[in-house]
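Residues per chain, in single letters:
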Amino acid sequence: MPTEAILNIGVLATMDEGEGPLGLRRDAAVVIDGGRVAWVGASADAPAADTAVDAGGAAMIPGFVDSHTHTVFAGDRAAEFDARMSGEPYTAGGIRSTVAATRAASEAELAARTQHLLDEALRSGTTTAEIKSGYGLDVATERRLLEVASRFTEETTFLGAHVVAPEMADRRGDYVDLVTGEMLAAAAPLARWIDVFCEEGAFDVDETRRILAAGREAGLAPRLHANQLTMSGAAALGVEMGAASVDHCTFLSDEDVDALAASDTVATFVPGAEFSTRQPYPRIERLRDAGATWAIASDCNPGSSFTSSMPFCIALAVREMGMTPAEAIRAATVGGAAALRRTDVGRIAVGARADLVLLDAPDPVHLAYRPGVQLVDRVWRDGAAATTWEPRA
């Protein structure tokens with residue numbers, strides 16, 4: 001395959017070797033070969049390549065790794081958002097309205113919506129995305145959602161335990177049996193992960209433990225919606241069960257923080273959800289002091305965080321959660337990779353996937369410094385310049 005050199009990068013944030021927490025290299029270059037990073041170093045020392053791009057002194061970062069999305073769905077919940085912004089509280093019940101619309105949608109409609117949202121995310125610099133099911137809540141639709149998700153990413157998550165299906169609302173035990181039985185059997189061949197919404201209005205700790213254990217027996221690795229609305233015990237359960245990530249983490253006890261710091265479970269924050277639900281933003285200071293690992297994700301979904309923009313989430317994390325710009329950018333790249341247990345994405349290093357974002361800015365800090373501004377100038381995904389999210393081969 002032809003090689004490509006990107007020269008004259010003013011500030012290259014590698015998340016690997018270099019200056020400070022972002023691994024900065026100045027006056028740098030990157031060479032791509034076969035979809036991978038083949039060389040990183042000073043622009044003046046770059047080896048010859050088949051083609052070259054002049055970055056013009058702009059900054060470059062790894063593509064964002066969005067480790068928590070719900071992008072396969074149908075319908076719209078703008079009215080719910082409007083009501084919430086007018087004073088009504090957020091609850092988990094709105095999920096059911098999306099379930100009804102999603103069940104009624106065709107596979108082509110679902111795929112077109114997913115393509116649109118991922119194209120949107122790519123234009124904001126996202127090059128890796130996890131996608132969950134969870135808006136079907138019956139065997140056929142959950143499998144169909146994972147079939148669609150699998151077209152676009154290898155990071156697919158079975159979330160049949162999002163809430164109890166509306167037609168089984170008075171038969172919780174039967175629904176858990178369905179999720180851990182026939183639904184899991186149908187979903188497992190199409191998923192890498194299993195997830196549960198462990199919260200009031202969804203599933204309790206005992207139900208969650210049972211569902212995650214069944215998923216693990218079926219070969220799926222656990223991750224978890226945890227402590228979004230209450231101190232539910234879900235974060236501690238996620239650590240206990242070796243989850244790659246516990247997500248939301250809006251309400252963490254000191255014991256939760258200590259448990260996370262002593263484990264390899266990543267705390268994934270989704271500040272778009274706090275923005276959209278007017279929940280209090282979690283703060284980062286205790287996790288920083290404890291030495292925990294954290295990530296930022298978009299939580300793109302129609303009800304509580306309808307954004308695909310990782311730069312927006314970075315700006316929120318800096319302004320509202322106490323992260324430094326460098327911490328937030330790391331959380332959106334190498335942090336997201338850790339939440340997916342990946343080492344080939346989220347960093348710019350020899351052998352890593354060539355997922356690169358050239359910014360229309362002289363420094364990555366502009367991602368927080370200039371919120372709401374389109375700063376992504378150019379994206380490479382799998383080593384190729386990309387303007388749309390290419391489905392998997």
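Up top is the structure these notes are about.
Keep in mind that this is a model prediction, so the values were computed, not measured. (Residues numbered from 1 in each chain as written. Predicted model: local features only at pLDDT ≥ 70, side-chain atom pairs only at ≥ 80, totals over all residues. Heavy atoms only, no water.)

(A) Spatial organisation of the overall build of the chain. Of regular secondary structure, the chain possesses 14 helices and 18 strands. The C-alpha radius of gyration of the chain comes to 20 Å, within 12% of the 21 Å expected for a compact globule of 393 residues. The principal-axis extent of the C-alpha atoms belonging to the chain is close to 70 × 45 × 40 Å. A total of 393 residues make up the chain; the buried ones form 60% of that total. In the chain, once contacts between residues fewer than 6 apart in sequence are set aside, the share between residues at least 24 apart is 71%. When the accessible area of the chain is evaluated, it comes to approximately 14,300 Å², of which 51% is carbon and sulfur surface. Positive and negative side-chain charges of the chain, numbering 34 and 56 respectively, have mean locations separated by a distance of 1 Å. (Helix = DSSP H or I, 4+ residues; strand = E, 2+ residues; numbered from the N terminus. Rg over C-alpha atoms; globule rule 2.2 N^0.38 Å. Buried < 20%, exposed > 50% of the residue type's maximum accessible area, 1.4 Å probe, protein only. Contact = heavy atoms within 4.5 Å. Areas by Shrake-Rupley, 256 points an atom, 1.4 Å probe, with all protein chains shown as cover. Lys, Arg positive; Asp, Glu negative; His and termini not counted. Charge placed at Lys NZ, Arg CZ, Asp CG, Glu CD.)

(B) Focus on the packing of aromatic side chains. Following the criterion strictly, the structure yields four aromatic pairs and no others. Aromatic pair Phe73 and Phe306: ring centres 5.8 Å apart, planes at 70 degrees, arrangement edge-to-face. Taken together, the positions of Phe73 in the loop between strand S6 (64-66) and helix H1 (78-85) and Phe306 in the loop between strand S15 (294-296) and helix H11 (310-321) put the pair 233 residues apart, joining distant regions of the chain. For Phe306, a relative accessible area of 43% gives the class partly exposed. Relative to Phe312, the ring of Phe275 has its centre 5.2 Å away and its plane inclined at 90 degrees; by these criteria the two rings are edge-to-face. (Phe/Tyr/Trp six-rings, centres within 6.5 Å; stacked < 30°, edge-to-face > 60°.)

(C) Region of interest: empty space enclosed by the protein. Applying the stated criterion across every chain, the model contains three cavities of 30 Å³ or more. Considered as a void within the structure, the second largest cavity measures approximately 60 Å³ in volume. Around the second largest cavity sit Asp66, Thr69, Thr71, Leu117, Leu118, Ala121, Thr126, Ala129, Ser298, Cys300 and Ser308, which together line it. Counting residues per element, the ones that place at least two in the lining of the second largest cavity are helix H3 (107-123) and strand S7 (126-129). Among the elements that take part in the lining of the second largest cavity, H3 stands out by supplying three residues, more than any other. Its residues assigned to classes, the lining of the second largest cavity shows five nonpolar, five polar and one charged. (1 Å grid on protein atoms, 1.4 Å probe; cavity = no way out; pocket = protein on both sides within 12 Å on 5 of 7 lines; lining within 4 Å. Points joined across faces, edges and corners; volume = space filled by probe spheres on them. Nonpolar A, V, L, I, M, F, W, Y, C, P; charged D, E, K, R; others polar.)

(D) Structural context of helix H4 (residues 139-152). For H4, which comprises 14 residues, the first-to-last C-alpha distance of 21 Å matches the rise-based estimate of 20 Å (1.5 Å per residue) to within 8%. Burial in H4 covers these residues: Thr141, Glu142, Arg144, Leu145, Leu146, Val148, Ala149, Ser150 and Phe152. The inward-facing, buried residues of H4 contact helix H2 (95-104), H3, strand S8 (131-132), strand S9 (156-161), helix H5 (172-187) and strand S17 (376-381). (Expected span 1.5 Å × (residues − 1).)

(E) Representation of the nonpolar core within the structure. Phe158, Tyr175, Phe203, Phe269, Leu287 and Met323 are the most contacted members of the largest nonpolar core, which totals 95 residues. Looking at this core element by element, the count peaks at seven residues for H5. Setting aside its immediate chain neighbours within four residues, Met323 contacts Phe269, Ile284, Arg288, Trp294, Ile296, Ala317, Val318 and Ala328. (Core = buried A, V, L, I, M, F, W, Y, C linked by side-chain atoms within 4.5 Å.)

(F) Layout of the packing of H4 against H5. Here H4 crosses H5 at 40 degrees, and the two axes come no closer than 9 Å. For the element pair H4 / H5, the angle class is oblique. Our pair here, H4 against H5, has a crossing hand that is right-handed. Residues Val139, Glu142, Arg143 and Leu146 of H4 pack against Leu178, Glu182, Met183, Ala186 and Ala187 of H5. The residue makeup of the contact of H4 with H5, split by class, is six nonpolar, no polar and three charged. (Axes fitted to C-alpha atoms, helices over the stretch in contact; angles between N-to-C directions. Parallel < 35°, antiparallel > 145°, perpendicular 65-115°, else oblique. Left-handed = near helix turned anticlockwise from the far one by under 90°.)

(G) Fine view of H3. The end-to-end C-alpha distance of H3 is 24 Å, a good match for the 24 Å that 17 residues give at a rise of 1.5 Å each. Within H3 the residues assigned to the buried category are Leu110, Ala111, Thr114, Gln115, Leu117, Leu118, Asp119, Ala121 and Leu122. Looking at the buried positions of H3, the neighbouring elements they touch are H2, S7, S8, H4 and S17. Phi turns positive, to about 105 degrees, at Gly125, one or two residues after H3.

(H) Just unusual backbone geometry, in detail. With a phi close to 60 degrees, Met15 is a non-glycine residue in the positive phi region. As for its position among the elements, Met15 is in the loop between strand S1 (4-13) and strand S2 (24-33). Phi is positive for Asp299, which is not a glycine, with a value near 55 degrees. Accessibility expressed as a relative area gives 1% for Asp299, which makes it buried.

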